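Chain residues, written in single-letter form:
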Amino acid sequence: MAKAVKAPVARPRRIAVLGAGSWGTTFAKILADGGSDVVLWARRPELAREINEVKRNSDYLEGINLPRNLRATPRLGEAMRDAEQVFVSIPSQTLRSNLEAMIPFLGPETIVVSLMKGVEKGTGLRMSEVIAQGLPIEQERIAVASGPNLALEIAREQPTAAVVSSASLETAQAVAISATNRYFRSFVNTDVIGTEFGGVLKNLIAVAIGIVDGVGYGENTKASIITRGLVEMTDFAVAYGAQPETLSGLAGLGDLIATCESPLSRNNTAGRLLGQGYGFHDVVKQMNQTAEGLASVAPILSLAEARGVDMPIVRQVSQVLAGTLDPKDIAPHLTTDSDEPQGERTTDDGQGHGRTSVWGSLKRAFDQLRDGGRRP
Ligand SMILES: NC(=O)c1ccc[n+]([C@@H]2O[C@H](COP(=O)([O-])OP(=O)(O)OC[C@H]3O[C@@H](n4cnc5c(N)ncnc54)[C@H](O)[C@@H]3O)[C@@H](O)[C@H]2O)c1
Ligand SMILES: O=P(O)(O)OC[C@H](O)CO
């Protein structure tokens, strides 16, 4: 019997992208180059005018020509009108305050996609969770996109891959179809937790890499931190329900490599400035774009503590940010809980099914008892 051929899913006609910074504008270009009719919401009318009149966003993407089928508007309602998919690319800490304004313009079937890589300070919530709280929309209409995606390289049309994740595979596929063109390919999965945490956690490791780079340490130190960083990311994400293989994929290892290696990364750059001796406030002043890692350190450490996950790299980054650790003393890969040699893998069931956090918390509780209540 002949195999039934599935009709291809139709590409959506109207898409909105909210946030005309470097990633929002680049993603709008990806979608427009994939054939959709894209409207970009820019807060500043003069930026919307520049995009419409000269097809440029010179503040964020110098030298990049934007496609004709990409328009911009400073009016949120105009950007969202009739949009089948709405992509959000603004700093994570500002998401919640923007959601209410979006409600009146959401269609009954609109899909909302987070392009952001942070967690909310105070709540520790991932961006898809903030969206689920702030919008009247079911899980199946929320998606996230992540991966090794340095905006400027993609804006220059260098071949790149990403992953789109949603609780609904159908939604992930519909979004991936929109976000695929001749230079950009989107894969799909349904592990929203792993995909989002991958993007958040690699920022923190990239800050650590920037710090050691700024201090002047070489490739051995960086490779040690990147490798141990992946273990730290995986332990954390699995403790929160992620599939370990997601952390070895584009949204984990892939993004970790890109962000740790590239001077284009803002998180890496912020770390390098810290390593060169600038204080936290000077670094924030010098960064005119979003370095999500700086705001995510504290909430991630709280979440790690709640599940008994040890994160020596993130802990030392937070100490450097607080000014309590001299950057030249940063060496998270030398940190151990015991004098005994440790296995390289912290998971010990051989299948990566999250015994780490349970074992880690039991071990820490035991060590604390043994040491009379002091932290091991
Ligand atoms: N730049 C990249 O290479 C890249 C790649 C992947 C993911 N991301 C993620 O995308 C998100 C946005 O990053 P970006 O690089 O576009 O940042 P950006 O600093 O270049 O741009 C941020 C945009 O958000 C707008 N904005 C700032 N405060 C706002 C507020 N209160 N309300 C509404 N809009 C506000 C700014 O005007 C600007 O248009 C971040 O979470 C980042 O981690 C960035
Ligand atoms: O510039 P960064 O450090 O925010 O990194 C950008 C992207 O997340 C890389 O995938």
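Keep in mind that what you see is a predicted model, and the values were worked out from it rather than measured. (Residues numbered from 1 in each chain as written. Chains lettered and ligands numbered in written order. Predicted model: local features only at pLDDT ≥ 70, side-chain atom pairs only at ≥ 80, totals over all residues. Heavy atoms only, no water.)

Peer 1: Could you clarify how one ought to interpret the layout of surface pockets in this entry?
Peer 2: One simple way to see leftover space: roll a probe sized like a water molecule over the atoms. Put simply, the largest pocket is a space of about 1200 Å³. Lining the largest pocket are 46 residues, and of these S22, W23, R266, Q289 and T290 sit closest to its centre. Its residues placed into classes, the lining of the largest pocket shows 19 nonpolar, 18 polar and 9 charged. Domain assignment of the residues forming the lining of the largest pocket places at least three in each of domain 1 (14-190) and domain 2 (211-338 + 352-370). (1 Å grid on protein atoms, 1.4 Å probe; cavity = no way out; pocket = protein on both sides within 12 Å on 5 of 7 lines; lining within 4 Å. Points joined across faces, edges and corners; volume = space filled by probe spheres on them. Nonpolar A, V, L, I, M, F, W, Y, C, P; charged D, E, K, R; others polar. Domains from an automatic or database assignment.)

Peer 1: Whenever I open this one, the UniProt feature "binding site: NADPH" (unreviewed entry) in the protein confuses me. Can you help?
Peer 2: This chain's UniProt record puts "binding site: NADPH" (unreviewed entry) on S22, W23, R43, R44, Y60, K117, A151, R266 and E292. In three dimensions, the annotated residues from a span of 271 residues occupy distinct locations, with a maximal C-alpha spread of 23.0 Å. Within the annotated group just given, the residues that line the largest pocket are S22, W23, R43, R44, Y60, K117, A151, R266 and E292. With respect to the helices, strands and loops of the structure, R43 is situated in the loop between β2 (37-41) and α2 (45-54). Here Y60 is to be found in the loop between α2 and β3 (70-73). Among the residues examined, Y60 registers a relative accessible area of 28% and is labelled partly exposed. Contact partners of Y60, with chain neighbours within four places excluded, come to A20, G21, S22, R44 and Q289. (UniProt positions renumbered as here; feature names shortened; annotations may be inferred. Helix = DSSP H or I, 4+ residues; strand = E, 2+ residues; numbered from the N terminus. Buried < 20%, exposed > 50% of the residue type's maximum accessible area, 1.4 Å probe, protein only. Contact = heavy atoms within 4.5 Å.)

Peer 1: Looking at this structure, how should I read the confidence of the model for the protein?
Peer 2: Reading fine detail from the predicted coordinates is not recommended where pLDDT is low. Looking at the protein as a whole, the pLDDT averages 91, with 89% of positions reaching at least 70. Element-level pLDDT for the protein is lowest in helix α16 (residues 355-370), with a mean of 50, against a maximum mean of 99 in strand β6 (residues 142-146). Contacts from residues 348-358, a stretch scored under 50 in pLDDT, to residues over four places away or in other chains number 16 contacts. Between residues 372-376, whose pLDDT stays under 50, and residues either more than four places distant or in other chains, the model counts 8 contacts. Confidence metrics for the complex model read pTM 0.92 and ipTM 0.99. (pLDDT = per-residue confidence, 0-100.)

Peer 1: I keep staring at the domain arrangement of the protein and nothing clicks. Help me out?
Peer 2: For an interface, size is often stated in terms of accessible area lost upon the parts coming together. With domains assigned, the protein is organised as domain 1 (14-190) and domain 2 (211-338 + 352-370). Measuring from the centre of the C-alpha atoms in domain 1 to the corresponding centre in domain 2 gives 27 Å. Tallying the contact residues gives 24 residues for domain 1 and 18 residues for domain 2. Its largest share of buried area at the contact with domain 2, domain 1 owes to V119, P148 and L150, together 32% of the area lost on that side. Taking the shortest distance from any N to any O, the salt bridge between D255 and K117 comes out at 2.7 Å. (Buried area = accessible area lost by both parts, 1.4 Å probe. Salt bridge = Lys/Arg side-chain N within 4 Å of Asp/Glu carboxyl O.)

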